[in-house]
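The residues making up each chain are set out below.
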2 protein chains.
Amino acid sequence: MSTQSLLPELPSGAAEFGRKLVEHGWLIPTMAPGVNGLSEDAERVVAGLNRRAGQIARAMPESPALRSLRFPPVNGQELLQRTNYLTSFPQLVGAVDVFDGDSRDHRALLESVDSGERGWRDRLAPSDLVLVPAVCHSLYPHLQGTIADGEWYELTGECFRNEPSEDPFRMVSFRMREYVLLGTPEQALAHRDRWLAEAQTLLTGLGLTVRIEGANDPFFGRSGRLLASGQRAAELKFELLVEAVPGRSTAVASGNWHQDHFGGEFGIRSADGEPAHSACFGFGLERIMLALVARHGFRLADWPADVRNALQG
Amino acid sequence: MSTQSLLPELPSGAAEFGRKLVEHGWLIPTMAPGVNGLSEDAERVVAGLNRRAGQIARAMPESPALRSLRFPPVNGQELLQRTNYLTSFPQLVGAVDVFDGDSRDHRALLESVDSGERGWRDRLAPSDLVLVPAVCHSLYPHLQGTIADGEWYELTGECFRNEPSEDPFRMVSFRMREYVLLGTPEQALAHRDRWLAEAQTLLTGLGLTVRIEGANDPFFGRSGRLLASGQRAAELKFELLVEAVPGRSTAVASGNWHQDHFGGEFGIRSADGEPAHSACFGFGLERIMLALVARHGFRLADWPADVRNALQG
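Because the structure is a prediction, the values reported are computed rather than measured.

## Considerations on the environment of L311 of chain B
All names here are of chain B.
Phase 1 of the analysis: Its location among the elements puts L311 in the segment after α11 (305-310).
Phase 2 of the analysis: Linking L311 and V132, residues 179 residues apart in sequence, is a C-alpha distance of 28 Å.
Phase 3 of the analysis: Those residues in contact with L311 that lie beyond four places of it in its chain are R44, V45, G48, L49, R51, L206, L292 and W303.

## Digging into the interface of chain B and chain A
Phase 1 of the analysis: The partner chain A presents 68 residues to the 68 residues of chain B that form the contact.
Phase 2 of the analysis: Summed over both sides, the interface between chain B and chain A buries roughly 5600 Å², with carbon and sulfur atoms accounting for 62% of that surface.
Phase 3 of the analysis: Linking chain B with chain A are eight salt bridges.
Phase 4 of the analysis: In this structure, R70 of chain A and E286 of chain B form a salt bridge, with 3.9 Å as the shortest nitrogen-oxygen distance.
Phase 5 of the analysis: Scanning the region where chain B abuts chain A turns up 18 residue pairs in polar contact (both at pLDDT 80 or more).
Phase 6 of the analysis: A per-class count over the side of chain B that touches chain A returns 31 nonpolar, 20 polar and 17 charged.
Phase 7 of the analysis: Relative to strand β5 (residues 95-98) of chain B, strand β5 (residues 95-98) of chain A runs antiparallel, the two being bridged by three bridges. Along β5 of chain B, the bridge assignment pairs A95 of chain A with D97 of chain B.

## Brief notes about the pattern of salt bridges
Phase 1 of the analysis: Inspection of every chain in the model, using the stated rule, returns 40 salt bridges over all chains.
Phase 2 of the analysis: Residues E213 of chain A and R211 of chain A are paired through a salt bridge, measuring 2.7 Å at the closest nitrogen-oxygen approach.
Phase 3 of the analysis: Under the relative-accessibility criterion, R211 of chain A is labelled partly exposed at 36%.
Phase 4 of the analysis: Among the charged side chains, a network of salt bridges with common partners joins E40, D41 and R44 of chain A together with R58, E154 and R177 of chain B.

## Observations concerning helix α10 (residues 285-296) of chain B
All names here are of chain B.
Phase 1 of the analysis: With 12 residues, α10 ought to run about 16 Å at 1.5 Å a step, and its terminal C-alpha atoms sit 16 Å apart, in line with that.
Phase 2 of the analysis: For α10, a buried count of 10 out of 12 residues is recorded, marking the element as mostly surrounded by other parts of the structure.
Phase 3 of the analysis: Among all positions in α10, only L285, E286, I288, M289, L290, A291, L292, V293, A294 and H296 are buried.
Phase 4 of the analysis: The first or second residue beyond α10 is G297, which carries a positive phi of 100 degrees.

## As for the sheet that holds strand β4 (residues 74-76) of chain A
Phase 1 of the analysis: If you trace the six strands from one edge of the open sheet to the other, you get β4(A)-β6(A)-β5(A)-β5(B)-β6(B)-β4(B), paired in antiparallel fashion. Sheet topology places β4 of chain A together with β4 (74-76) of chain B at the edges, where each strand pairs with a single neighbour. Strand after strand, the sheet turns through a mean of 50 degrees between neighbouring axes, direction not considered.
Phase 2 of the analysis: Relative to strand β6 (residues 125-131) of chain A, β5 of chain A runs antiparallel, the two sharing three bridges. Looking across to β6 of chain A, one finds that V98 of chain A is bridged to A125 of chain A.

Cut-off values and rules
- Residues numbered from 1 in each chain as written.
- Chains lettered and ligands numbered in written order.
- Predicted model: local features only at pLDDT ≥ 70, side-chain atom pairs only at ≥ 80, totals over all residues.
- Heavy atoms only, no water.
- Helix = DSSP H or I, 4+ residues; strand = E, 2+ residues; numbered from the N terminus.
- Contact = heavy atoms within 4.5 Å.
- Buried area = accessible area lost by both parts, 1.4 Å probe.
- Salt bridge = Lys/Arg side-chain N within 4 Å of Asp/Glu carboxyl O.
- Polar contact = N/O pair within 3.5 Å; in protein donor to acceptor, adjacent residues only side chain to side chain.
- Nonpolar A, V, L, I, M, F, W, Y, C, P; charged D, E, K, R; others polar.
- Pairing = 2+ DSSP bridges.
- Buried < 20%, exposed > 50% of the residue type's maximum accessible area, 1.4 Å probe, protein only.
- Expected span 1.5 Å × (residues − 1).
- Axes fitted to C-alpha atoms, helices over the stretch in contact; angles between N-to-C directions.

Structure representation (structure tokens):
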């Protein structure tokens, strides 16, 4: 029996699913494409996912070493440079302009606005601030120096990626919950692979059909294609994919081995003096929530009892 | 007995308090001034404050009508214009630049970066996105049309205000929990005043010494001074102030009656066909958390049992 026949309202395409999510109140459109508010039920599901992930982490034998930190959605522009994000994913970057003029400049600014000119934006000036594209990036500068034998972090936060779309799964502003390990190559790999398995079990238990596949990031441009195929060949990135919309796979979580990319750049050294390796596992919180809606329907109260229980406080 | 003698490590000034917060791990500096990560304990306190505020709201007789929504940290630039934020507070605005070039532009971008030029930022282009300065602003466009007899919303989210500072209470990126009412003038005023009283009781119960004072927003420029004194004279804004650092008051929450400012601009009408009045009450979550640290010390485990209990899940 197909999901479609169970849930006649379900979407045949991503844009249609997006319209139905708005109609049923799960998503609230804002004044920007690809940016959505969420209903109370949507937030309830997101909170439940965070709770379940936290429980899984705390059931792991190393959990006494787990540290939970929180970083805001903006950071310094240096971060985009040192993580190589500006080199690899310029198309996704967001940087912040501010107004640093006086009253006269302000009058000119408002006149541009009133006359409907786009030019008012040129009257703002670049600041040193950028929007953070991945929660774990904010962590690495903080860890400079020699770390303990395997450090392990839990992070939840806002991410920005400039890819406005009609596809509700592809939000410009979204939240990620990440588990990040820094240590030896073996520790990093084991961390990534364990979380891939744990997350598959979690999502399967919530009724999703999930498969794990090798993947690559959307590196920019022609040279980016080489980086992407290199990343795939070295098996650095794996994604958890669901078919939320018939015939179309969506990645709802991913596990990444960064090798010593961040450890080297940010001067993070393992106890043995070598640049630390790192791995992160990230849950795409809104994407998983939407995949659950696609699977179980638009009325949270009608979701299977075991799924609702698993997501409850 | 002064707080100072109880807690010898406590600050004599805001910048010194900021350094101690970092030293004790409550704040984690990032690559941008005025932008801070938070420790697990800090987040525990923030979560406790959110929970307490939610409990207070749900104990109010109208609570069946309360709706909880969630909006992301970015929105469309039109929002800054239509809320009048660009007119009143240009100095606090953040707008988002993105890269929309090709491979050649990308090479030029990276060359600017490598040569250490600030010019690379000029190679980005304005997008339609801005950072949201107050959580409730994202709500109003959603409410266009005629509302029920008094609509009431609970919102928690990220705010951006471009005022980098050494003062840890003045963050560029911070979270606010807001309770927003739309309805008649009487409903709006009653909402604001009830929350001012409820929040004072809550914060007093957590050990803070809180006073309520008339206030004004930091309107920009010379004409802004008029707006500010008008706002004060009309008694539209009240703040909850604490003396977290000796001799210096900090606003940790505020109640605002917007009259029909947002109702008129966004075409939100009360049942009687008039532009809806609105009022919001906002808790500055990080500010309250920091005021509690200043009051009870740098070790959460040593805070008074009743305070810890009140903030527990």
